[in-house]
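Below are the chains, spelled out letter by letter.
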Amino acid sequence: VIYVASIDGTNVRALQKTAATAPATVVPQFSPDGSQIVYQARGNLFLVDVATGETTQLTHLEPVESTFWDLAPTFSPDGETVLFNRANSNILNRSWNLWSVPATGGRPRLVLRDAALGRFSPDGRTIAFVRRQAPGWVPVILVAGRHGRGLRRLTRGDSPSWSPDGRRVVFAWGDAIYRVDAGGGQ
């Protein structure tokens with residue numbers, strides 16, 4: 001079940017409860033205008049209208065063997081596109097690929113192979129994401145253009161997020177939070 005509440009924690013209400021969401025709903029995300037929530041369950045994306053609670057299945061992909069591999073989808077800043085992760089089919093060397101789909105539904109498009117946790121920059125032109133690299137499968141943060149071109153490594157780290165002005169990327173490494181200039185550096 002997905003719940004919403006006022007910013008002060010009051011007015012808590014359940015939006016919906018369907019077989020598609022329980023217990024596999026992972027990290028729901030609001031659209032930029034707050035009118036919808038996207039989540040991923042059993043490998044597919046679902047949109048929930050915040051006002052009505054109506055749920056719409058956005059993608060119709062073959063199920064993956066484990067819902068553990070669903071990661072947090074996210075909207076583009078204009079709300080027109082959703083980035084999402086999809087586990088590859090290699091069970092022995094599990095990784096993800098980063099896909100996009102129009103927020104109105106349609107055919108998903110592969111953006112980047114071996115990429116996860118993609119986040120659009122505030123202007124929507126760049127994506128920060130994680131790729132696990134050998135040796136030891138260390139997480140590395142990279143950036144690329146909106147359509148996956150112009151790949152550039154930023155730093156070691158996980159779970160990237162952009163600063164509101166788009167000049168920095170904030171990320172986790174170990175038990176701390178760091179930031180790096182979007183152009184690279186320390």
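Just above, that's the structure.
Here the structure is a predicted model, which means the values were calculated and not measured.

Asker: I would appreciate a short explanation of the packing of aromatic side chains in the present structure.
Answerer: Two numbers describe a pair of aromatic rings. These are the distance of the centres and the angle of the planes. If you walk through the whole model with that rule in mind, you get 2 aromatic pairs. Measuring from ring centre to ring centre gives 5.3 Å for Tyr39 and Phe46, while their planes differ by 15°; the resulting arrangement is stacked. Since its relative accessible area comes to 0%, Tyr39 is described here as buried. A residue is classified by how much of its surface remains accessible, and Phe46, at 8% relative accessible area, is buried. For the pair Phe171 and Tyr178, a centre-to-centre distance of 5.8 Å together with 25° between the ring planes defines the contact as stacked. Judged by relative accessible area, Phe171 falls into the buried class, the value being 7%.

Asker: Got a minute to help me understand the sheet that holds strand β14 (residues 152-156) in this structure?
Answerer: What holds strands together in a sheet is hydrogen bonding between their backbones, with the strands either parallel or antiparallel. Taken together, 4 strands build an open sheet; the order of strands is β11-β12-β13-β14 and the sheet is antiparallel. Each end of this open sheet is capped by a strand with a single partner; those strands are β11 (116-120) and β14. Each adjacent strand pair in this sheet contributes to an overall mean axis angle of 25°, direction not counted.

Asker: Is there a simple way to explain the pairing of strand β12 (residues 126-133) in this structure?
Answerer: Regular strands have side chains that alternate between both faces of the sheet. As defined by bridge partners, β11 adjoins β12 across 3 bridges and the pair is classed as antiparallel. Directly across from Ala116, in β12, lies its bridge partner Val130. Hairpin connection between β11 and β12: a loop of 5 residues separates the two successive antiparallel strands, and Gly124 in this loop has a positive phi of roughly 80°. Of the pairings in the sheet, the one linking β12 to strand β13 (residues 138-145) comprises 8 bridges and is antiparallel in character. If you follow Ala128 over to β13, its bridge partner there is Val143.

Asker: Looking at this structure, how should I read the pairing of β14?
Answerer: Both β13 and β14 contribute to a ladder of 4 bridges, which runs antiparallel. Residue pairing for β14: Val143 is matched across the bridge by Arg152. Taken together, β13 and the strand that follows it, β14, pair antiparallel across an intervening segment of 6 residues, in which Gly148 is found at a positive phi of about 90°.

Asker: How should the pattern of salt bridges be read in this particular structure?
Answerer: Any two side chains of opposite charge can pair, so long as their charged atoms come close to each other. Evaluation of the coordinates by the stated rule reveals 4 salt bridges. The closest approach of N and O atoms between Asp181 and Arg168, which form a salt bridge, is 3.8 Å. Taken as a pair, Asp181 in strand β17 (residues 176-181) and Arg168 in strand β16 (residues 168-173) lie far apart in primary sequence, 13 residues in all. Given the relative accessible area of 42%, Asp181 is considered partly exposed.

Calculation notes
- Per-chain numbering applies: the sequence of each chain, read as written, is numbered from 1 onward.
- Where totals are concerned, whole chains, interfaces and linings use all residues; where local detail is concerned, this predicted model gives features only for residues with pLDDT of at least 70, and gives and counts side-chain atom pairs only at 80 or more.
- To get the side-chain values, all heavy atoms of the structure are used, and hydrogens and water are removed first.
- Between 30 and 60 degrees the pair is tilted, below 30 it is stacked and above 60 it is edge-to-face, where a pair is any two Phe, Tyr or Trp rings, Trp via its six-membered ring, whose centres lie within 6.5 Å.
- Relative accessibility under 20% of the residue-type maximum defines a buried residue, over 50% an exposed one, and the middle range a partly exposed one, all with a 1.4 Å probe and only protein chains included.
- DSSP-based pairing: two strands are paired if at least 2 bridges between them are found.
- For helices the rule is a DSSP run of H or I covering at least 4 residues; for strands it is a run of E covering at least 2, with both sets numbered from the N terminus onward.
- Orientation is described by lines fitted to C-alpha atoms, with helices fitted over the stretch in contact, and by angles between N-to-C directions that extend from 0 to 180 degrees.
- The working definition used for a salt bridge is a side-chain nitrogen of Lys or Arg within 4 Å of a carboxyl oxygen of Asp or Glu.

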